[in-house]
Amino acid sequence: MANDNATSEQGGGKKKLIIIIIVAAVVLLAAVGGGAFFFLSGDDKSQDDIVLEEENNTLPAIYVTLPQPFVFNVTGDEQQRLVQVNAQLLVRGSEREALAKENLPLVEHALLNTFGAATVEQLRTPQGQLEVRRQSAENVRAALIKVTGEPVVERVLFTGFVMQ
């Protein structure tokens, strides 16, 4: 009889373990699904991007390639990392293209300041890179507004990104 009780207790323990594993798997899948939904459903446009697009969506999109890649060091973990970013500016219309090209040194300065403030932790994740890109666009627009009186650049695009 003692053996029968031990066997039934073992069977009950196995059932509880199986139930716990199933519940944990369901919770994990729900968390992963929710996280994926959150990150994939988010719009990567800032409010400034939306305003600029509404103002200029009738003008043709022109991409201004910055002549040199940005190469800079970032710190954050146990060692410094070397980062290289190739960037292009999205502008609307030939007038803004000319303004962007005339002010490339100012644009490069604003981007270097933004990249210099970035951390390894930011640049490791797609969301962090997106935030750096948004901040880049905001800083470039702010600098150009001071000089030209208008934001000029709709978006800053990273066309190449390497971190070692």
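Our structure is the block above this text.
Residues numbered from 1 in each chain as written. Predicted model: local features only at pLDDT ≥ 70, side-chain atom pairs only at ≥ 80, totals over all residues. Heavy atoms only, no water.

Q: Looking at this structure, how should I read the overall build of the protein chain?
A: The helix and strand inventory of the protein chain stands at 6 helices and 4 strands. Tracing the protein chain from N to C terminus, the helices and strands come up as α-α-β-β-β-α-α-α-α-β. For the protein chain, restricting intrachain contacts to residue pairs at least 6 apart in sequence, the fraction spanning at least 24 positions comes to 71%. As displayed, the protein chain has an accessible area near 10,300 Å², and 58% of this comes from carbon and sulfur atoms. (Helix = DSSP H or I, 4+ residues; strand = E, 2+ residues; numbered from the N terminus. Contact = heavy atoms within 4.5 Å. Areas by Shrake-Rupley, 256 points an atom, 1.4 Å probe, with all protein chains shown as cover.)

Q: How should the nonpolar core be read in this particular structure?
A: Generally speaking, soluble globular proteins have nonpolar side chains that are buried together. If you look at the biggest cluster of nonpolar residues, it comprises 29 residues, and the most contacted ones within it are Leu66, Phe72, Leu89, Leu111, Val140, Val153 and Val156. Not counting the four nearest positions on each side in its chain, Phe72 is found in contact with Arg81, Leu82, Val83, Val85, Phe115 and Leu123. (Core = buried A, V, L, I, M, F, W, Y, C linked by side-chain atoms within 4.5 Å. Buried < 20%, exposed > 50% of the residue type's maximum accessible area, 1.4 Å probe, protein only.)

Q: Is there a simple way to think about the pairing of strand E1 (residues 61-65) in this case?
A: Residues in a regular strand project their side chains so that they alternate between the two faces of the sheet. Across the two faces of E1 the burial differs, with Ile62 and Val64 buried and Ala61, Tyr63 and Thr65 not buried at all. Pairing of E1 with strand E3 (residues 81-92) involves 5 bridges; the strand directions are antiparallel. Within E3, the residue paired with Thr65 across the bridge is Gln88. (Pairing = 2+ DSSP bridges.)

Q: Can you help me understand unusual backbone geometry in this one?
A: When glycine is set aside, most residues are seen to have a negative phi, and most peptide bonds are trans. Despite not being glycine, Val152 has its phi angle at roughly 65°, a positive value. Given the relative accessible area of 2%, Val152 is considered buried.

Q: Could you clarify how one ought to interpret helix H6 (residues 126-148) in this entry?
A: Every α-helix winds through 3.6 residues per turn, so residues three or four apart in the chain are directed the same way. Under the 1.5 Å per step criterion, the end-to-end length of H6 is 32 Å for 23 residues, consistent within 8% with the ideal 33 Å. Those residues of H6 not exposed but buried are Gly128, Leu130, Val132, Arg133, Ser136, Ala137, Val140, Arg141, Ala143 and Leu144. Positive backbone phi, at 90°, marks Gly149, one or two positions downstream of H6. (Expected span 1.5 Å × (residues − 1).)

Q: Just checking my understanding: could you explain the packing of helix H4 (residues 104-117) against H6 for this structure?
A: Angle between the axes and distance between the axes are the two parameters that describe a pair of packed helices. Direction vectors running N to C along H4 and H6 enclose 140°, while the axes themselves pass 9 Å from each other. Considering only the axes of H4 and H6, their crossing is right-handed. Contact residues: Leu106, Val107, Ala110, Leu111, Thr114 and Phe115 in H4; Val132, Gln135, Ser136, Asn139, Val140, Ala143, Leu144 and Val147 in H6. Tallied by class, residues from the contact of H4 with H6 come to 10 nonpolar, 4 polar and no charged. (Axes fitted to C-alpha atoms, helices over the stretch in contact; angles between N-to-C directions. Left-handed = near helix turned anticlockwise from the far one by under 90°. Nonpolar A, V, L, I, M, F, W, Y, C, P; charged D, E, K, R; others polar.)

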